[in-house]
Amino acid sequence: MLAACSGGADSMALASALAFEAPRAGLRAGGVTVDHGLQQGSDARAAEVADRMRALGLAPVETIAVSVGRGGGPEAAARDARYAALDAAAERHGATAVLLGHTRDDQAETVLLGLARGSGTRSLSGMAWVSGADGRYRRPFLQLDRHTVREACLAQSLPVWDDPHNVDPSYTRSRVRHEALPILEKALGKGVVEALARTAQLSRDDADALDAWAARAEADVMTTAPAAAGGAQAVHLDTVGLHGLPTAVRRRVLRRAAIAAGAPAGSLFARHIEEVDRLITGWRGQRAINLPGRVEVRREGGRLVIRQG
């Protein structure tokens, strides 16, 4: 397995813990650090982080330089580039898992961001303990607070690097961390971070149950399997069956169908699904609805037809 390490306190504590535990469990453990190239001297810092991981006993250790695009904003673009690099590293080294140093504080920030964006239950569920293809990504520190992992680094005299982006107010997460959460704690008292992290787990349990229900319901209302029609993916759903489903389940079915037809999940927002839902619940002969990814949704008699092209 590999520890993803930026050099910050969270990931350095993770790298140290992995270096200590892996040999005792009979596991081979390495590390990887990603140079996003967004700051002057980032290549030198990445090399230093790699040297620190080697000093801990991790092997192999790899430094990966990436090019960060602009799609979805700077934070999303950096995240996409980072995960692509981590995926590639895992494949090269045959790693069964990549460990990430996200803490309970990171989880609370993620939930608050999801709440502010009105993104729904799945977004409020925050980060999963295990995610990615075949459960590649693991977050063993999700129940630990940021102060605890920083104290662990101090106790071991581990040098850490504080990324200036983490305090840059031009980044949304930085504003949540240094402005929004402190204001909430001042107004509501201590325990906001723990409550938000607990909300994440409760929301994840609910979202998992609703997603499972939607998967079963989709099979019941699909009148034809996704098929190629003139080179375009198409999904046909029974409108009567859809109308009889609870709103939360029906909209999940519609989202799943839109993605199956070719709509990119990251660009498919709640407002898109709400518009499609009105073709079921408020049908008055509306025209077709266009979704991201050149996906079109139209009602044809008793069927909802979703196709790309």
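Residues numbered from 1 in each chain as written. Predicted model: local features only at pLDDT ≥ 70, side-chain atom pairs only at ≥ 80, totals over all residues. Heavy atoms only, no water.

### Remarks on helix 4 (residues 104-117)
Part 1 of the reasoning: With 14 residues, helix 4 should cover 20 Å at 1.5 Å per step; its first-to-last C-alpha distance of 20 Å lies within 8% of that length.
Part 2 of the reasoning: Judged by how many residues are buried, helix 4 sits mostly within the fold: eleven of 14 residues are covered.
Part 3 of the reasoning: Considered for burial, the residues of helix 4 that qualify are Arg 104, Asp 105, Asp 106, Gln 107, Ala 108, Glu 109, Thr 110, Val 111, Leu 112, Leu 113 and Gly 114.
Part 4 of the reasoning: Its buried side turned inward, helix 4 meets helix 1 (9-24), helix 5 (121-124), helix 6 (146-155), helix 7 (172-188) and helix 8 (192-221).
Part 5 of the reasoning: Positive backbone phi, at 60 degrees, marks Gly 118, one or two positions downstream of helix 4. (Helix = DSSP H or I, 4+ residues; strand = E, 2+ residues; numbered from the N terminus. Expected span 1.5 Å × (residues − 1). Buried < 20%, exposed > 50% of the residue type's maximum accessible area, 1.4 Å probe, protein only. Contact = heavy atoms within 4.5 Å.)

### What about the sheet that holds strand 6 (residues 137-138)?
Two pairing modes exist for strands in a sheet, parallel and antiparallel, and in both the strands are linked by backbone hydrogen bonds.
Part 1 of the reasoning: Across the sheet, which stays open at both edges, the six strands sit in the order 3-2-1-4-6-5 with mixed pairing between neighbours. Two strands in the sheet have a free side with no partner beyond their single neighbour: strand 3 (61-65) and strand 5 (130-131).
Part 2 of the reasoning: As paired strands, strand 4 (residues 98-99) and strand 6 are joined by two bridges and run parallel to one another. Following the sheet pairing, Leu 99 is matched in strand 6 by Arg 138. (Pairing = 2+ DSSP bridges.)

### Focus on the domain arrangement of the protein chain
Part 1 of the reasoning: Parsing the protein chain into structural domains produces domain 1 (2-188) and domain 2 (222-308).
Part 2 of the reasoning: Between the C-alpha centres of domain 1 and domain 2 there is a distance of 36 Å. (Domains from an automatic or database assignment.)

### A look at the UniProt feature "domain: tRNA(Ile)-lysidine synthase substrate-binding" (unreviewed entry) in the protein chain
Part 1 of the reasoning: The positions that UniProt labels "domain: tRNA(Ile)-lysidine synthase substrate-binding" (unreviewed entry) are, in the present scheme, residues 238-304.
Part 2 of the reasoning: A helix fraction of 46% and a strand fraction of 18% characterise residues 238-304, whose end C-alpha atoms lie 6 Å from each other. (UniProt positions renumbered as here; feature names shortened; annotations may be inferred.)

### Here we look at the packing of helix 7 against helix 8
To describe two helices that pack against each other, one gives the angle between their axes and the distance between the axes.
Part 1 of the reasoning: Orientation of helix 7 relative to helix 8, taken along the N-to-C sense of each, is 110 degrees, at an axis distance of 9 Å. One way to sum up the angle between helix 7 and helix 8 is to call them roughly perpendicular. Contacts between helix 7 and helix 8 involve Leu 181, Leu 184, Glu 185 and Leu 188 from the former and Val 192, Val 193 and Leu 196 from the latter. (Axes fitted to C-alpha atoms, helices over the stretch in contact; angles between N-to-C directions. Parallel < 35°, antiparallel > 145°, perpendicular 65-115°, else oblique.)

### A few points about unusual backbone geometry
Part 1 of the reasoning: For the bond running from Ala 59 to Pro 60, omega is 0 degrees, close enough to zero to count as cis.
Part 2 of the reasoning: Examined against the element boundaries, Pro 60 turns out to sit in the loop between helix 2 (42-56) and strand 3.
Part 3 of the reasoning: Non-glycine residue Asp 134 carries a positive phi angle of around 60 degrees.
Part 4 of the reasoning: Here Asp 134 shows up in the loop between strand 5 and strand 6.

### What about the packing of aromatic side chains?
Part 1 of the reasoning: Under the counting rule described, the total for this entry stands at one aromatic pair.
Part 2 of the reasoning: Relative to Tyr 137, the ring of Tyr 83 has its centre 5.0 Å away and its plane inclined at 85 degrees; by these criteria the two rings are edge-to-face. Of this pair, Tyr 83 sits in helix 3 (residues 74-93) while Tyr 137 is found in strand 6, placing the two residues 54 residues apart along the sequence.
Part 3 of the reasoning: Among the residues examined, Tyr 137 registers a relative accessible area of 5% and is labelled buried.
Part 4 of the reasoning: Residue placement shows Arg 24 over the ring face of Phe 20; its charged tip is 3.7 Å from the ring centre. (Phe/Tyr/Trp six-rings, centres within 6.5 Å; stacked < 30°, edge-to-face > 60°. Lys NZ or Arg CZ within 6 Å of the ring centre and 35° of its normal.)

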